[in-house]
2 protein chains.
Amino acid sequence: MITMSEQKPLILVSNDDGINAPGIRTLVTLMKQLGDVVVVAPSSPQSGMGHAITIASPLRLYEVDLFSGTPAYECSGTPADCVKLAKHYVLKERVPDLVVSGINHGSNTSISVLYSGTMSAAIEAAIEGIPAIGFSLCDYAHNADFTHTHDHILKIAGHALENGIPKGVALNVNFPAKSDQPLQEIRVCRQADARWQEEFDERKDPYGRNYFWMAGKFVNNDTGEDTDEFALSQNCTSVVPCQLDLTDYKNMETLKGWNLNARTQTLLDSQATEPTPQTS
Amino acid sequence: MITMSEQKPLILVSNDDGINAPGIRTLVTLMKQLGDVVVVAPSSPQSGMGHAITIASPLRLYEVDLFSGTPAYECSGTPADCVKLAKHYVLKERVPDLVVSGINHGSNTSISVLYSGTMSAAIEAAIEGIPAIGFSLCDYAHNADFTHTHDHILKIAGHALENGIPKGVALNVNFPAKSDQPLQEIRVCRQADARWQEEFDERKDPYGRNYFWMAGKFVNNDTGEDTDEFALSQNCTSVVPCQLDLTDYKNMETLKGWNLNARTQTLLDSQATEPTPQTS
């Protein structure tokens, strides 16, 4: 259904802020310098969707003209849905040479990679064996300034197009917010061991019932200088290679040492308060 | 707000099939043999939600009496939301000794761990430094038979309560569906290198507009005998230790070899069709 030149690389662009976000507009314009572009992105913002997919309801897909004639589709689903629909329905006969996601309005460093819709689009592509990169800017503003990121985006995406990305890996790229200082170099990093410290803002609705807003602050106790967080603190661009295999190999032996099959239920015997249930 | 005995361990139970699913009922009854139980689970099914969190809308939390007097709350959000709300609002003054999620109606082996709401509850707890286990049965039926899993669940949870789980690790436990053959031993495994091959079922609604159902089949080309998929094929229970750090350390050196900072834009120069965009 989409006709494209054969000699140029094919680049699929998605995001999680939705197809109308300024960040994806910047990314599309940049990618058009590197190849033929197709956009499949969520109709509405999907931040915090993690690697969600839509299986309990149907998906909608509509062609839109938002990028000066670049083929583009808005999808009712999540970023991972967008990549799946793009690959198996929109592009059918051609596998993209690269999938890029973003530019996200907001950081996706450290543990945030697990909650990130931006990265879920990239990881979904990596599962399919396609080179994939998620780009995020540490600035949540709708009118964030992306101009300082252009050169690094073209360098990283250009290199991925020419040389590929190791199989089963998606790149998580984060940029510091635009400041008075010039952006420094690109650094390959590990994911910082930091996390969100949640707080819930409890309110009452007009009918007197409680509801909660999730809020919280980012806490980084990782003092390493090889982390994504440290690179950003130095006004550098961070690149973390992310893998799809969650197995903690170093702890497999620890678990084998548990001898679970030999275990007798001492705790159970001493604390039993009711019989083991029989599922009907 | 919840009064519990001081000497018994505190166990938080969640899931992704929703608080009315039979699987969580079995898990609650089993956990009551090991300690004091509190349930915080989604109001409605959340399968495929991955590690989604709710940040764009408020959350609701209602106390319910569904488990013979066991304190229980249904939450309008995702499994990860449930664990966050439980920790920071429901339990406030006491950190659970264990978080268990499930028993999921359906497999969460291999790459499915990334899409799994069941595992996202366990991973959220592991992020908070709490021992955590997700339990899944390879049977999607609402009236699935869980009876053969009881002994293994009590062994694994009992061991975790007595000895903890390595920090930053969540256990992904899968059981084969009940069959005529007796369940074999518990095996510590790695995540199989398998994936879902999607197909989209395209239909027309009564108004003539297209919509899509995501479907697909599970494809396992991993021939290793140390995987979760292999263990299940042998009618064994699989236990995969899952880590929170996605960094692919072995490929960090590969990426450093890219020399991105020295890269000149040959591809860009030869293919440039329009100027670099200026974000307004």
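Remember, it's a predicted structure, so these values are computed and weren't measured experimentally. (Residues numbered from 1 in each chain as written. Chains lettered and ligands numbered in written order. Predicted model: local features only at pLDDT ≥ 70, side-chain atom pairs only at ≥ 80, totals over all residues. Heavy atoms only, no water.)

Examining the sheet that holds strand β2 (residues 36–42) of chain A
All names here are of chain A.
- Sheet architecture is open: nine strands sit in the order β3-β4-β2-β1-β5-β6-β7-β11-β8, paired in mixed fashion. Across the chains shown, the open sheet's two edge strands, defined by having one partner strand only, are β3 (61–64) and β8 (186–188). With strand direction ignored, the average angle separating the axes of adjacent strands in the sheet is 25°.
- Pairing of strand β7 (residues 169–175) with strand β11 (residues 237–243) involves six bridges; the strand directions are antiparallel. Looking at the pairing, A170 lines up with C242 of β11.
- Where helix α3 (residues 117–127) meets the sheet, it contacts β1 (10–14), β5 (98–105), β6 (132–137), β7 and β11, and its direction lies at approximately 170° from that of β6. (Pairing = 2+ DSSP bridges. Helix = DSSP H or I, 4+ residues; strand = E, 2+ residues; numbered from the N terminus. Axes fitted to C-alpha atoms, helices over the stretch in contact; angles between N-to-C directions. Contact = heavy atoms within 4.5 Å.)

Some words on the packing of aromatic side chains
Residues and elements named next belong to chain A.
- Enumeration according to the criterion identifies six aromatic pairs over all chains in this entry.
- Look at F135 and F175: their rings are 6.1 Å apart centre to centre, the planes differ by 10°, and that puts the pair in the stacked class. Of this pair, F135 sits in strand β6 while F175 sits in strand β7, and the two are 40 residues apart along the sequence.
- Taking relative accessible area as the criterion, F135 reaches 0% and is therefore assigned buried.
- Using a relative accessible area of 0% as the deciding quantity, one classes F175 as buried. (Phe/Tyr/Trp six-rings, centres within 6.5 Å; stacked < 30°, edge-to-face > 60°. Buried < 20%, exposed > 50% of the residue type's maximum accessible area, 1.4 Å probe, protein only.)

Overview of the UniProt feature "domain: Survival protein SurE-like phosphatase/nucleotidase" (unreviewed entry) in chain A
- According to UniProt, the "domain: Survival protein SurE-like phosphatase/nucleotidase" (unreviewed entry) feature falls on residues 11–198 of chain A.
- Helix makes up 25% of residues 11–198 of chain A and strand 26%, with an end-to-end C-alpha separation of 37 Å. (UniProt positions renumbered as here; feature names shortened; annotations may be inferred.)

Describing the pattern of salt bridges
Residues and elements named next belong to chain A.
- Inspection of the entire model under this criterion finds 28 salt bridges over all chains.
- In this structure, E124 and K84 form a salt bridge, with 3.0 Å as the shortest nitrogen-oxygen distance. Taken as a pair, E124 in helix α3 and K84 in helix α2 (residues 79–90) lie far apart in primary sequence, 40 residues in all. Here E124 matches K84 in class, with each residue buried. (Salt bridge = Lys/Arg side-chain N within 4 Å of Asp/Glu carboxyl O.)

Re the interface of chain A and chain B
- Between chain A and chain B, the contact holds 110 residues from the first and 110 residues from the second.
- Around 10200 Å² of area is buried between chain A and chain B when both sides are counted, 62% of it from carbon and sulfur atoms.
- In this structure, the connection of chain A to chain B is made through six salt bridges.
- Between R60 of chain A and D205 of chain B there is a salt bridge; the shortest N-O distance is 2.8 Å.
- For the pair chain A and chain B, the number of links is 30 residue pairs in polar contact (both at pLDDT 80 or more).
- It is helix α4 (residues 150–163) of chain A that contributes the most residues to the side of chain A that touches chain B, ten residues altogether. (Buried area = accessible area lost by both parts, 1.4 Å probe. Polar contact = N/O pair within 3.5 Å; in protein donor to acceptor, adjacent residues only side chain to side chain.)

What to know about the environment of R187 of chain A
Residue and element names in this part refer to chain A.
- With respect to the secondary-structure elements, R187 resides in strand β8.
- A residue is classified by how much of its surface remains accessible, and R187, at 26% relative accessible area, is partly exposed.
- With 39 residues separating them in the primary sequence, R187 and D226 have C-alpha atoms 8.7 Å apart.

Considering empty space enclosed by the protein
- Under the criterion given, the structure shown has one cavity of 30 Å³ or more.
- Here the largest cavity defines a volume of roughly 210 Å³.
- Taken together, 19 residues line the largest cavity, and the ones lying closest to its centre are H51, L114 and L246 of chain A together with H51 and L114 of chain B.
- For the lining of the largest cavity, the secondary-structure elements that each account for two or more residues are α3 of chain A together with α3 (117–127) of chain B.
- Of the residues contributing to the lining of the largest cavity, the split by class is nine nonpolar, ten polar and no charged. (1 Å grid on protein atoms, 1.4 Å probe; cavity = no way out; pocket = protein on both sides within 12 Å on 5 of 7 lines; lining within 4 Å. Points joined across faces, edges and corners; volume = space filled by probe spheres on them. Nonpolar A, V, L, I, M, F, W, Y, C, P; charged D, E, K, R; others polar.)

A look at the layout of surface pockets
- Here the largest pocket is characterised by a volume of approximately 720 Å³.
- Forming the boundary of the largest pocket are 31 residues, of which K167, G168, L244 and D245 of chain A together with D193 of chain B lie nearest the centre.
- Classifying every residue of the lining of the largest pocket gives ten nonpolar, eleven polar and ten charged.
- Within this model, the second largest pocket holds a volume of roughly 600 Å³.
- For the second largest pocket, the lining is made up of 28 residues, of which I53 and I55 of chain A together with S47, G48 and Y140 of chain B are closest to its centre.
- The element best represented in the lining of the second largest pocket is strand β10 (residues 210–220) of chain B, accounting for four residues.

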